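Breakdown of the fold
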Amino acid sequence: MVFDKELMAELLKQASVSPRKRQNFDLRNSPADTSQRMLNAMQPGTAVPIHRHENTAETVVCLQGRLEEVLYEETTSRLQGDTPAEEEVEPRKTFKEIARYLLSPDDGVMGMQIPAGVWHTVNVLEPSVIFEAKDGAYVPR
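Describing helix H1 (residues 5–17)
The terminal C-alpha atoms of H1, which comprises 13 residues, lie 19 Å apart, in line with the 18 Å expected from a rise of 1.5 Å per residue. Among the residues making up H1, those that are buried are Leu7, Met8, Leu11, Leu12 and Ala15. Taken end-on, H1 shows its buried residues confined to a sector of 130 degrees, consistent with a single buried face. Set apart from the buried face of H1 by more than 90 degrees, the exposed residues are Lys5, Glu6, Lys13 and Val17.

Here's what the structure looks like:
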């Protein structure tokens, strides 16, 4: 298989009409393949929730376009009850941004390795295609 401009254009076209503004292209050899390798075409405005991969690093290489990978650390804040007399304090998971990386072949930084367990998201700045790889089979949540 060759990753050429025609394939990238077709994936970006499919992403542009997708409700999620993304289109994956599976690169595994078969459904029994226990790796995760894919091309992911993404349009600006796609929503990628802050997430992490607890047991595997993630390799991201930007083949076309421009995007930001944003890394976070998990923090916990405590919300007081409605009145000062209430002793109940409810913990809430929040995230603090710790790093932001611009990935773009035109700008000279094409990719990165996101360590296992690190919270992250992506902001797509212009139509982009990335190669992603993670260890182990995909496990839906």
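Some details on the pattern of salt bridges
Taken as a whole, this structure holds 8 salt bridges when the rule is applied. Among the salt bridges present, the one from aspartate 107 reaches arginine 66, with a minimum N-O distance of 2.8 Å. Of the two residues, aspartate 107 sits in the loop between strand S4 (89–103) and strand S5 (111–114) while arginine 66 sits in strand S3 (residues 58–80), which places them 41 residues apart along the sequence. Put simply, lysine 134 and glutamate 132 hold a salt bridge, and the shortest N to O gap is 3.0 Å.

Notes on the nonpolar core
Counting 14 residues, the largest nonpolar core has Met42, Leu67, Leu71, Leu103, Ile114 and Ile130 as its most contacted members. Elements with a contribution of two residues or more to this core: S3, S4, S5 and strand S6 (119–134). Ranked by residues supplied to this core, first place goes to S3 with 4 residues. In contact with isoleucine 114, other than residues within four places in its own chain, are Ala57, Glu58, Val60, Glu69, Leu71 and His120. Of all hydrophobic cores here, the second largest spans 9 residues; its members include Leu7, Leu12, Ala15 and Ala41.

Remarks on the environment of glutamate 58
In this fold, glutamate 58 is placed in strand S3. For the pair glutamate 58 and aspartate 135, spaced 77 residues apart in sequence, the C-alpha to C-alpha distance is 7.9 Å. Among residues more than four places away in sequence, those in contact with glutamate 58 are His51, His53, Met112, Gln113, Ile114, His120, Glu132, Ala133 and Lys134. Of the polar contacts made by the side chain of glutamate 58, one reaches the side chain of histidine 53; its length is 3.0 Å.

Considerations on unusual backbone geometry
Backbone geometry at lysine 21 places phi at a positive 60 degrees, although glycine is not the residue there. Considering the arrangement of structural elements, one finds lysine 21 in the loop between H1 and strand S1 (22–26).

Cut-offs applied
Residues numbered from 1 in each chain as written. Predicted model: local features only at pLDDT ≥ 70, side-chain atom pairs only at ≥ 80, totals over all residues. Heavy atoms only, no water. Helix = DSSP H or I, 4+ residues; strand = E, 2+ residues; numbered from the N terminus. Expected span 1.5 Å × (residues − 1). Buried < 20%, exposed > 50% of the residue type's maximum accessible area, 1.4 Å probe, protein only. Arc of directions from axis to C-beta. Salt bridge = Lys/Arg side-chain N within 4 Å of Asp/Glu carboxyl O. Core = buried A, V, L, I, M, F, W, Y, C linked by side-chain atoms within 4.5 Å. Contact = heavy atoms within 4.5 Å. Polar contact = N/O pair within 3.5 Å; in protein donor to acceptor, adjacent residues only side chain to side chain.

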